[in-house]
Amino acid sequence: MASLSEEVLLVVKKVRQRKQDGTMYLMAERIAWCPEGKDRFTVSHPYADIRCQKISPDGKAKIQLQLVLHTGESTTFHFSNDSTALKDREAAKELLQQLLPRFKKKANKELEEKNRMLQEDPVLFQMYKDLVVSKVISAEEFWTNRLGGVNNTDSVVQNNKQEVGISGAFLADIRPQTDGCNGLKYNLTADIIESIFRTYPAVKQKYSENVPHNLTEKEFWTCFFQSHYFHRDRINTGTQDIFSECAKQDEKGLKSMVIQGVKNPLVDLLSLEDKTLDEGYGNGLTRASTSSTNKTIKDNSNAAIIKRFNHHSAMVLAAGSRRGETAAEQASETSSTDGNSRDSDLFQPPVKKAKLQEAIEYEDLQRENGQKTVALNLKKSYRYAHGPVPLQSQQYTSSQDIINSISCIQHEMTNYKPNLTQVLSSAAATSAIAALSPGGVLMQGGSQQAINQMVPTDIQGELKHLYVAAGELLRHFWSCFPVNSPFLEEKLTGHLEEMLQTAYSKLHTWQTRQMTMRKT
Amino acid sequence: MDIIHFSTEDEINLLVIVVDVNPLWWGQQAQREAEFTLSKCLDAVMVMGNSHMAMTRTNKLAVIASHCQDSHFLYPMKNWGSSDGATDDASCSGDGKYELLSVTNNVIAEEMRNIMLKTEIKGNSTATLLAGSLAKALCYIHRVSKELAVGQEMKSRILVVKASEDCALQYMNFMNVIFAAQKQNILIDACVLDSDSGLLQQACDITGGLYLKIPQKVALAQYLLWVFLPDTEQRSQLVLPPPAHVDYRAACFCHQNLIEIGYVCSVCLSIFCKFSPICSTCQ
């Protein structure tokens, strides 16, 4: 007996298969048929195996439904209930119509995935050929490790490639061309058709209902473009258009979207309006109601166009964010059609806080995180303060010594008067000069020769004469100060200056002569 | 041999003389050697200062006395501009001397007397505050360089006349002062009277100045005039005492001995003479 855990979606009695009466059961994942009186399914096909279903044309006497499997086999069911055969068959067909695409995707996707992987990776392809085709390992074994989560087709697809979004102008891209004689030619590509189906699921449903039973594809599209549904001015004149239903559904959808409001607080413009407490508190104007009947006809038609545009944009956005949802969900326009209800989930307090935080903070404007450093732990840092001076034995100065020294120096300083003429005795000066001259005590690093051995005697003589003469002139110069008589002033500015100039030039020529002589 | 270039009119040469006036050392010195006392030292320093100012009109001078309590500017005085009346008396000297020089000498003498009268030794602080004086000198040089007119340049150097011994506690401050002077291109010269000072040797070596320990204290004036009066440009033309060998050995942190080969902790960079797995400074 069929497992009771499966959910039975539809039961159709009086269905014949291979000339046997029985009951057809449509379950969540398979279709099954058991003969009358028996309690075991003789025919059971998972939806994934079914490639497509076929129905017998309306005019025929027998009302039949055929299932074609991927393997090529086909199973035919004959609906033999006299009164409700057609209805049964329609019900079954519709249900199948909804269920099959769901499973078809899975099967297809699996095969597609495998094909893609083999095509992309030549090494893998070679391995497949070597191992599976030559029956070393079975195909299942080969693919178990590779495919990893085949049932999660959504995630696999999403990991590998991005879905292409819908261009908002896809309808405008269908540029009608005049046909010459008052007709219009519309160019429809597969992409445009896909865009229309994704954006307007209602149209897709109509398509799948009517094609290929009632209308051919061409007729369908002609009807579509002719209908007022497509045109700008959507006046619901109640024509028996297959698309008038769509128009009504659109209106419903738009209204529900408006009622839902905007959940994302970062985008909600209505929340920015002034709120009034009462008349007189802040904004005293009453908000004009949007559904006032005072609007003119022109306003109405403008409103209609604007509504259509808004609706169209909302549908495009919804289609773009609607990914991998099942066909059943797609049929209802109003369930999760925009990011709105998703937003309402997303904007719970903690997530909302995180989103707000994200919006106001820029990572590269934050303070740079310094590198983590380990703090230096010094126990005896006073050691650094002591220089490379070996510990000397402190000279012990008794306090008595200190007092003596201080009193001595103070005594000396109270009577201090600078005596600059007695600073240096000539003996001390000459010994100091000797020490500082080359060969002296302090000049041990330099040349060891005494200076009077380095300079030739005649130059020494000339230098001595020049020095003595200059000294004499300087003595005259300094004796003129302080200038307190015109004679001294005249002497200073007059010929003394002359003499100093001549002396200087003489020295200079002597110097240059010595230098040129050295060079040669 | 180059022709001597005379410095341009606009270049200012600032000489700051830091004199070690440690009263203990000078008091004991007066008892040891009566011919060379603090008065004589100050006379020699004054001669040096006068000569420096007499060389060129644009030369400037400053004198700091380095005491154990504090460092004190002997010249120029703080209230220089305000009390002009007081300086008028000081400026007229009897011997027709250049006014600036006589004023300088009088001011220095006056300040010196004041400092010595206010001396009190507290506790055990008998070391000269040399690092502090050098820092004050650097600050003064910096201030003067900021007060220059546009287009004027200034070259400065510091001459230290040192009498007492080094103080190891001032090592850190001393090194900071030396590196600051080096950065500012300020020479530090040292004229040492008594005992060699490792710190001053390093200072002179790093900043490019001259270090001299004089054999005869009574001839201090001659040494000062011969060696330390010429400035940097002129020194290159003269034959001067060669630089002394500086002992750059470090002292180990545990015994304060000077070592040639040691062990350094890679974390805290403390130096030890013997190897130990755990550094006693930083663990």
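Conventions and cut-offs
Residues numbered from 1 in each chain as written. Chains lettered and ligands numbered in written order. Predicted model: local features only at pLDDT ≥ 70, side-chain atom pairs only at ≥ 80, totals over all residues. Heavy atoms only, no water. UniProt positions renumbered as here; feature names shortened; annotations may be inferred. Pairing = 2+ DSSP bridges. Helix = DSSP H or I, 4+ residues; strand = E, 2+ residues; numbered from the N terminus. Axes fitted to C-alpha atoms, helices over the stretch in contact; angles between N-to-C directions. Core = buried A, V, L, I, M, F, W, Y, C linked by side-chain atoms within 4.5 Å. Buried < 20%, exposed > 50% of the residue type's maximum accessible area, 1.4 Å probe, protein only. Contact = heavy atoms within 4.5 Å. Buried area = accessible area lost by both parts, 1.4 Å probe. Salt bridge = Lys/Arg side-chain N within 4 Å of Asp/Glu carboxyl O. Polar contact = N/O pair within 3.5 Å; in protein donor to acceptor, adjacent residues only side chain to side chain. Parallel < 35°, antiparallel > 145°, perpendicular 65-115°, else oblique. Left-handed = near helix turned anticlockwise from the far one by under 90°. Nonpolar A, V, L, I, M, F, W, Y, C, P; charged D, E, K, R; others polar.

Where an unreviewed UniProt entry is consulted, chain B appears under the name General transcription factor IIH subunit 3, with the organism given as Gouania willdenowi. Comment text from UniProt for chain B, heading Subcellular location (unreviewed entry), reads "Nucleus".

Identification of chain A as General transcription factor IIH subunit 1 from Gouania willdenowi is taken from an unreviewed UniProt entry. UniProt lists a comment for chain A under the heading Subcellular location (unreviewed entry), and it reads "Nucleus". Turning to chain A, the UniProt annotation filed under Sequence similarities (unreviewed entry) states: "Belongs to the TFB1 family."

**Concerning the sheet that holds strand β2 (residues 20-27) of chain A**
Residues and elements named next belong to chain A. Taken together, seven strands build an open sheet; the order of strands is β4-β3-β2-β1-β7-β6-β5 and the sheet is antiparallel. Among the strands making up the open sheet, the edge pair consists of β4 (43-46) and β5 (50-55). Each neighbouring strand pair of the sheet contributes to a mean axis angle of 30 degrees, computed without reference to strand direction. As paired elements, β2 and strand β3 (residues 30-35) share five bridges and run antiparallel to each other. From the neighbouring strand, T23 faces β3, where its bridge partner is C34.

**Describing the nonpolar core**
Grouped together as the largest cluster of nonpolar side chains are 55 residues, with contacts concentrated most on I17(B), W26(B), L38(B), L220(B), Y223(B) and F228(B). Here this core takes nine residues from helix α2 (residues 38-55) of chain B, the largest share from any one element. Those residues in contact with Y223(B) that sit more than four places away from it in its chain are A432(A), A435(A), L436(A), L442(A), L212(B), I214(B), P215(B), Q216(B) and F228(B). Counting 33 residues, the second-largest nonpolar core is a separate cluster that includes L130(B), Y140(B), M154(B) and Y211(B).

**Quick notes on the interface of chain B and chain A**
With 66 residues of chain B at the contact, the number on the chain A side is 48 residues. Buried area between chain B and chain A, summed over both chains or domains, comes out near 5,100 Å², and the portion from carbon and sulfur atoms is 69%. Of all residues in chain B, F253(B), Q256(B) and T281(B) bury the most surface against chain A, accounting for 11% of the area lost on that side. The tally of links from chain B across to chain A stands at zero salt bridges. Per-element accounting of the side of chain B that touches chain A gives the leading share, nine residues, to α2(B).

**Observations concerning the side chain of S66(B)**
Residues and elements named next belong to chain B. Note on placement: S66 falls in strand β2 (residues 59-66). Take S66: its relative accessible area is 0%, and that puts it in the buried class. Within polar-contact distance, the side chain of S66 engages the backbone oxygen of L129 at 3.2 Å. When residues no more than four places from it in sequence are discounted, the contact partners of S66 are V18, V19, D20, V21, N22, T128, L129, L130 and S133.

**Overview of the side chain of N22(B)**
Following the sequence through the fold, N22(B) ends up in the loop between β1 (11-20) and α1 (23-32). For N22(B), the contacting residues outside a window of four places in its chain are S66(B), C68(B), T126(B), A127(B), T128(B) and S164(B).

**What about helix α7 (residues 198-207) of chain B?**
Residues and elements named next belong to chain B. The element α7 is largely enclosed, with a buried count of seven among its ten residues. Within α7, burial applies to L199, L200, Q201, Q202, A203, C204 and T207. Turning to α7, the residues buried within the fold contact α5 (130-146), β4 (153-162), α6 (171-183), β5 (187-192) and β6 (211-213). Directly after α7, the chain includes G208, whose backbone phi takes a positive value near 90 degrees.

**Things to note about α1(B)**
Burial analysis of α1(B) places seven of its ten residues in the buried class, which makes it a mostly covered element. Contact partners of the buried residues in α1(B): α15 (399-414) of chain A together with β1, α2 and α4 (99-117) of chain B.

**Examining the packing of α5(B) against α6(B)**
Residues and elements named next belong to chain B. For the pair α5 and α6, the least separation of the axes is 9 Å and the interaxial angle reads 25 degrees. Relative to α6, the element α5 lies roughly parallel. Crossing angle aside, the handedness with which α5 passes α6 is left-handed. Facing L130, A131, L134, A135 and L138 of α5, the residues of α6 in contact are N173, F174, V177, A180 and A181. A breakdown of the residues in the contact of α5 with α6 according to their chemical character gives nine nonpolar, one polar and no charged.

**Remarks on unusual backbone geometry**
Residue and element names in this part refer to chain B. At the junction of Y75 and P76, the peptide bond is cis and its omega measures out at -10 degrees in the coordinates. Tracing the sequence through the fold places P76 in the loop between β3 (71-75) and α3 (84-91). Look at N185: it is not a glycine, yet its phi comes out positive at around 55 degrees. Tracing the backbone shows N185 in the loop between α6 and β5.

**A word on the sheet that holds β1(B)**
All names here are of chain B. Pairing is mixed in the open sheet, where six strands are placed in the order β3-β2-β1-β4-β5-β6. The outermost strands of the open sheet, each flanked by one partner alone, are β3 and β6. In this sheet, adjacent strand axes meet at a mean angle of 20 degrees when their direction is disregarded. Sheet topology places β1 next to β2; eight bridges connect them, and they run parallel. Pairing of L14 across the sheet is with K60, part of β2. Across the sheet, α5 touches β1, β2, β3 and β4, and the angle it forms with β4 is around 165 degrees.

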